[in-house]
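Chain by chain, the residues run as shown.
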Amino acid sequence: MSSAASNAKRDTAPSDEKTLQGLLRRVRRSTDGNGTHVSLGDVLEALGPRTYAPLFVVLGLLIVSPVGDIPGASAVLGLVVALIATQFLLLRRTPWLPRWALDRSVRSELVERSLGWLEKPSRFVDRHLHPRLRLLTGRIGRYVIAACCLFAALLLVPLEFLPGASTVIGSALVAFGIALATHDGLAALVAFGLTGAAIGLIVWQVI
């Protein structure tokens, strides 16, 4: 294969931050050389330059993975997502996180198990991602997505112990992040539907 053909292939290949498998590979790097525990700061460092879409995806994945089953973990991750979404709405170029959030850690073994658990679903999702329905991920759509991420994240605090709530909300955050990263409006529609399902859980619980 010629050098020009190789360069063209690299240029058309999706970047790591635009595929779930690529993001999971980056997260796996955070477990290398960090001993028995991995902090949120380690994960974000492995992701590279901080942009909003990969953060929504990775934090959402942590919520739906076995990491989210740790008591209090989903609520803490929800507060982190809420802080990130607020900065997105305020047009901050790169998100900032406080030290208390970056220092939160879990066992490396649990992170590795979570990544293995997510591997097969990530392959399925990646096969079906491509730009479409761009209106939903355009300038106005991005603000609507950020507002929904903020709303969904705040729901995690009161709904953490409601069966299924964390999974639904975490999945919505993943879908919102994917929509932002790939300009896939269908992913945004799925995320809006999951957010609606979370609201439905609240109504069902109240009634």
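Values in this document were obtained by computation on a predicted structure and should not be read as measured data.

Here is what the cut-offs are and how they apply
- Residues numbered from 1 in each chain as written.
- Predicted model: local features only at pLDDT ≥ 70, side-chain atom pairs only at ≥ 80, totals over all residues.
- Heavy atoms only, no water.
- Helix = DSSP H or I, 4+ residues; strand = E, 2+ residues; numbered from the N terminus.
- Buried < 20%, exposed > 50% of the residue type's maximum accessible area, 1.4 Å probe, protein only.
- Contact = heavy atoms within 4.5 Å.
- Axes fitted to C-alpha atoms, helices over the stretch in contact; angles between N-to-C directions.
- Parallel < 35°, antiparallel > 145°, perpendicular 65-115°, else oblique.
- Left-handed = near helix turned anticlockwise from the far one by under 90°.
- Nonpolar A, V, L, I, M, F, W, Y, C, P; charged D, E, K, R; others polar.
- Salt bridge = Lys/Arg side-chain N within 4 Å of Asp/Glu carboxyl O.
- Phe/Tyr/Trp six-rings, centres within 6.5 Å; stacked < 30°, edge-to-face > 60°.
- Expected span 1.5 Å × (residues − 1).
- Bend = angle between axes of the 7 residues up to and from the residue.

Draft legend 1. Region of interest: the overall build of the protein. Helix and strand counts for the protein stand at 10 helices and two strands. Looking at the 207 residues of the protein, the share that counts as buried comes to 47%. The long-range share in the protein, meaning contacts at least 24 apart out of those at least 6 apart in sequence, stands at 75%.

Draft legend 2. Quick look at the packing of helix H5 (residues 73–89) against helix H8 (residues 139–159). It is at 8 Å that the axes of H5 and H8 come closest, and there the two elements cross at 155 degrees. Judged by the inter-axis angle, H5 sits roughly antiparallel to H8. Along this stretch, H5 crosses H8, giving a crossing that reads as left-handed. Residues Ser74, Ala75, Gly78, Leu79, Val81, Ala82, Ala85, Thr86, Phe88 and Leu89 of H5 pack against Arg142, Tyr143, Ala146, Ala147, Cys149, Leu150, Ala153, Leu154, Leu156 and Val157 of H8. The residue makeup of the contact of H5 with H8, split by class, is 16 nonpolar, three polar and one charged.

Draft legend 3. Representation of the pattern of salt bridges within the structure. What the rule picks out here adds up to two salt bridges. As a salt-bridge pair, aspartate 103 and arginine 99 come within 3.3 Å of each other at their nearest N and O atoms. A residue is classified by how much of its surface remains accessible, and aspartate 103, at 44% relative accessible area, is partly exposed. Looking at arginine 99, the relative accessible area reads 56%, which means it is exposed. One salt bridge in this structure joins aspartate 184 and arginine 132, with 2.7 Å as the shortest N-O distance. Of the two residues, aspartate 184 is situated in the loop between helix H9 (165–182) and helix H10 (185–206) and arginine 132 in the loop between helix H7 (108–127) and H8; the sequence distance between them amounts to 52 residues. Here aspartate 184 falls in the buried class, since its relative accessible area comes to 1%. Overall, arginine 132 belongs to the partly exposed group, its relative accessible area being 25%.

Draft legend 4. Structural context of unusual backbone geometry. Of note in the backbone geometry, leucine 91 takes a positive phi value of approximately 65 degrees without being a glycine. Here leucine 91 lies in the loop between H5 and helix H6 (99–102). Overall, leucine 91 belongs to the exposed group, its relative accessible area being 60%. In this structure, histidine 183 takes a positive phi of about 60 degrees despite not being glycine. Locating histidine 183 in the fold gives a position in the loop between H9 and H10.

Draft legend 5. Region of the structure containing the packing of aromatic side chains. Using the criterion set out here, one finds three aromatic pairs in the structure. Linked through ring pairs, Tyr52, Phe56 and Phe88 together constitute an aromatic cluster.

Draft legend 6. Up close: the packing of helix H2 (residues 20–29) against helix H4 (residues 52–64). Running from N to C, H2 and H4 cross one another at 75 degrees; their axes reach a closest spacing of 11 Å. The angle between the axes of H2 and H4 places the two elements in the roughly perpendicular class. Where H2 approaches H4, its residues Leu20, Leu23, Leu24 and Val27 are matched on the opposing element by Pro54, Val57, Val58 and Leu61. The residue makeup of the contact of H2 with H4, split by class, is eight nonpolar, no polar and no charged.

Draft legend 7. Region of the structure containing H7. An ideal rise of 1.5 Å per residue puts 28 Å on 20 residues; H7 measures up with 28 Å between its terminal C-alpha atoms. At glutamate 119, H7 shows its maximal bend, which comes to roughly 40 degrees, and the proline proline 121 appears one to four places after that position. Residues of H7 that are buried: Ser108, Leu110, Val111, Ser114, Leu115, Leu118, Ser122 and Asp126. Residues of H7 that are buried make contact with H2, strand E1 (37–39), H4 and strand E2 (105–107).

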